[in-house]
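Summary of structural features
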Amino acid sequence: NAGVMQNPRHLVRRRGQEARLRCSPMKGHSHVYWYRQLPEEGLKFMVYLQKENIIDESGMPKERFSAEFPKEGPSILRIQQVVRGDSAAYFCASSPRGQGGSYEQYFGPGTRLTVT
Amino acid sequence: RKEVEQDPGPFNVPEGATVAFNCTYSNSASQSFFWYRQDCRKEPKLLMSVYSSGNEDGRFTAQLNRASQYISLLIRDSKLSDSATYLCVVDGNTDKLIFGTGTRLQVFP
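To keep things clear, this report deals only with the structure shown in the data block.

Rules behind the numbers
Residues numbered from 1 in each chain as written. Chains lettered and ligands numbered in written order. Predicted model: local features only at pLDDT ≥ 70, side-chain atom pairs only at ≥ 80, totals over all residues. Heavy atoms only, no water. Helix = DSSP H or I, 4+ residues; strand = E, 2+ residues; numbered from the N terminus. Rg over C-alpha atoms; globule rule 2.2 N^0.38 Å. Buried < 20%, exposed > 50% of the residue type's maximum accessible area, 1.4 Å probe, protein only. Contact = heavy atoms within 4.5 Å. Areas by Shrake-Rupley, 256 points an atom, 1.4 Å probe, with all protein chains shown as cover. Lys, Arg positive; Asp, Glu negative; His and termini not counted. Charge placed at Lys NZ, Arg CZ, Asp CG, Glu CD. Core = buried A, V, L, I, M, F, W, Y, C linked by side-chain atoms within 4.5 Å.

1. Re the overall build of chain A
Each helix and strand in chain A was counted, giving zero helices and eleven strands. Ordered by position in the sequence, the α and β elements of chain A form the string β-β-β-β-β-β-β-β-β-β-β. Its C-alpha atoms give chain A a radius of gyration of 14 Å, within 12% of the compact-globule value 13 Å for 116 residues. The principal-axis extent of the C-alpha atoms belonging to chain A is close to 45 × 25 × 25 Å. The proportion of buried residues among the 116 residues of chain A is 45%. Of the contacts formed within chain A by residues at least 6 apart in sequence, a portion of 52% connects residues at least 24 apart. Counting every atom, chain A has about 6,000 Å² of accessible surface; 45% of that belongs to carbon and sulfur. On chain A, the mean spot of the 17 positive side-chain charges and the mean spot of the 11 negative ones are 6 Å from each other.

Structure below.
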């Protein structure tokens, strides 16, 4: 059973470009969470999605950031017009919760975004 | 007050020592509690869930005190490989997890 997969692992963008981060949850998991970790800081919740639904986006910046989890394919975190402050590690986690499964979240290896 | 508070450390201990980490949380409605471990520049990995009755997994023991909103992690017989940052994690509203900033542990020979 493959774990949570994220790609790319490293992404370099110039200021003003768009960044697209992808996350494929563990097999059988239908709940996806995105977190951001700035250097030397803790993880901050961004958004929680189920297939085709955003459940909680209270941690998402109001502008430039969006997320989706389509019926088919990976979850996408999209950052438009990136700025230097967006440089961080972005982690995706998945959970089987909702079908009587465990509540624990399992993390992917992260995407390290660098904005130059 | 932060939602989850931890002593950032670092805790520097010799191999074989026993070390304890503490964590407090602010949301009295939280129902799920975890300890995760994060190695430098890697993803967090679930170490153990924390149950009301306390639970043990090998050298690791977790305790929960709901009245004081306090969680602890005890590591016995520390190994060099235990060196990492330990994250106290509590559930927030709508299933999201709230992470503490972590306590850094360094085990030396």
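Resuming the write-up.
2. Focus: the nonpolar core
In this structure, B:Phe21, B:Trp35, B:Ile71, B:Leu73, B:Ile75, B:Tyr86 and B:Leu105 are the most contacted members of the largest nonpolar core, which totals 24 residues. Elements represented by at least two residues in this core include exactly β3 (19-25), β4 (33-38), β7 (60-65), β8 (70-75), β9 (84-91) and β11 (103-108) of chain B. In this structure, B:Phe21 is in contact with B:Phe11, B:Trp35, B:Ile71, B:Ser72, B:Leu73, B:Ile75, B:Tyr86, B:Thr103 and B:Leu105, ignoring residues within four places of it in sequence. Ranked by size, the runner-up nonpolar core spans 23 residues in total, among them A:Met26, A:Trp34, A:Ala88 and A:Cys92.

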